[in-house]
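# Structural overview
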Amino acid sequence: QKEVEQDPGPLSVPEGAIVSLNCTYSNSAFQYFMWYRQYSRKGPELLMYTYSSGNKEDGRFTAQVDKSSKYISLFIRDSQPSDSATYLCAMRQRTGGFKTIFGAGTRLFVKA
Amino acid sequence: DTAVSQTPKYLVTQMGNDKSIKCEQNLGHDTMYWYKQDSKKFLKIMFSYNNKELIINETVPNRFSPKSPDKAHLNLHINSLELGDSAVYFCASSQASGTFQETQYFGPGTRLLVL
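Quick summary incoming for the structure in this document. Everything numeric here is computed off the predicted structure, so don't read it as measured data.

Conventions used here
Residues numbered from 1 in each chain as written. Chains lettered and ligands numbered in written order. Predicted model: local features only at pLDDT ≥ 70, side-chain atom pairs only at ≥ 80, totals over all residues. Heavy atoms only, no water. Helix = DSSP H or I, 4+ residues; strand = E, 2+ residues; numbered from the N terminus. Buried < 20%, exposed > 50% of the residue type's maximum accessible area, 1.4 Å probe, protein only. Salt bridge = Lys/Arg side-chain N within 4 Å of Asp/Glu carboxyl O. Disulfide = S-S within 2.5 Å.

Each neighbour pair has its own omega, and for Gly 9 of chain A with Pro 10 of chain A the value is 10 degrees, a cis peptide bond. Within the fold, Pro 10 of chain A resides in the loop between β1 (4-5) and β2 (11-14). A cis geometry characterises the amide bond from Thr 7 of chain B onward to Pro 8 of chain B, with omega recorded as -5 degrees. A positive phi angle, near 75 degrees, is found at Lys 52 of chain B, a position not held by glycine. Residue position: Lys 52 of chain B is located in the loop between β5 (43-50) and β6 (53-57). Overall, Lys 52 of chain B belongs to the partly exposed group, its relative accessible area being 46%.

In structure tokens, the structure reads:
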């Protein structure tokens, strides 16, 4: 079993839809949770990060962490064609070299 | 100005050849990384250097050898290339290792195809 599981999609939605992207993890030592966005033929860029269980909002994006269920989500409101990209969840332990473990990434297509 | 740059962007080569990929960051960061992203977009760390010292060395074949001439550069040399080495290789950098909250900045990637 991989440490981080993420459905690769693809996920196709119409413009304006609410998008929900999810990851599950098995290592309860993960303390720091991130979402990266990767456009085609580009490097990943950090979109959001959070430490604790609960919600964190930034504009149209909300990151949610449920440590008891080992489950994280990224919600995108009012999705735009420019949101079309691959979204990778990532997480890190507080100790052990701070190695970042990435999910496989979910490809999202937002149709105009 | 490009923060993390990699050369070349594309590399097509024959099996058995030796090749190098170069990475440079102008962010003044102390830590640099090499990641491999396979055809299914799975991104996995290979190496990490902090101030020219190796701090993460994942289970990769010893045909892969990173070299850090200074803290702004981290190069990756690959000997005896194999078909399975075909992937996109990303360089990244972060301010300092030692805080687990550090943000990593990625380069544009080098697309390696081994024929």
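The structure having been displayed, the exposition proceeds.
Residues and elements named next belong to chain A. Enumeration over the complete set of coordinates arrives at 7 salt bridges over all chains. Between Asp 83 and Arg 60 there is a salt bridge, and its shortest N-O distance comes to 2.8 Å. Of the two residues, Asp 83 sits in the loop between β8 (71-76) and β9 (85-93) while Arg 60 sits in the loop between β6 (54-58) and β7 (61-66), which places them 23 residues apart along the sequence. Classification of Asp 83 as buried rests on a relative accessible area of 2%.

Before going further, it helps to spend a moment on the state of the cysteines. Scanning the model with the defined rule gives 2 disulfides over all chains in all. Residue Cys 23 of chain A pairs covalently with Cys 89 of chain A via a disulfide, S to S 2.0 Å. Since a negative S-S torsion denotes a left-handed disulfide, the Cys 23 of chain A-Cys 89 of chain A link at about -100 degrees is left-handed. Placement of Cys 23 of chain A in strand β3 (residues 19-25) and of Cys 89 of chain A in strand β9 is noted, with a sequence separation of 66 residues between them. Two residues share a disulfide in this structure: Cys 23 of chain B and Cys 91 of chain B, whose sulfurs sit 1.9 Å from each other. The sign of the S-S torsion, about -80 degrees, decides the handedness of the disulfide formed by Cys 23 of chain B and Cys 91 of chain B: left-handed. With Cys 23 of chain B in strand β3 (residues 19-25) and Cys 91 of chain B in strand β9 (residues 87-94), the pair connects residues that are 68 residues apart, well separated along the chain. Of the residues examined, Cys 23 of chain B reaches a relative accessible area of 1% and is grouped as buried. Residue classification places Cys 91 of chain B among the buried residues on the basis of a relative accessible area of 0%.

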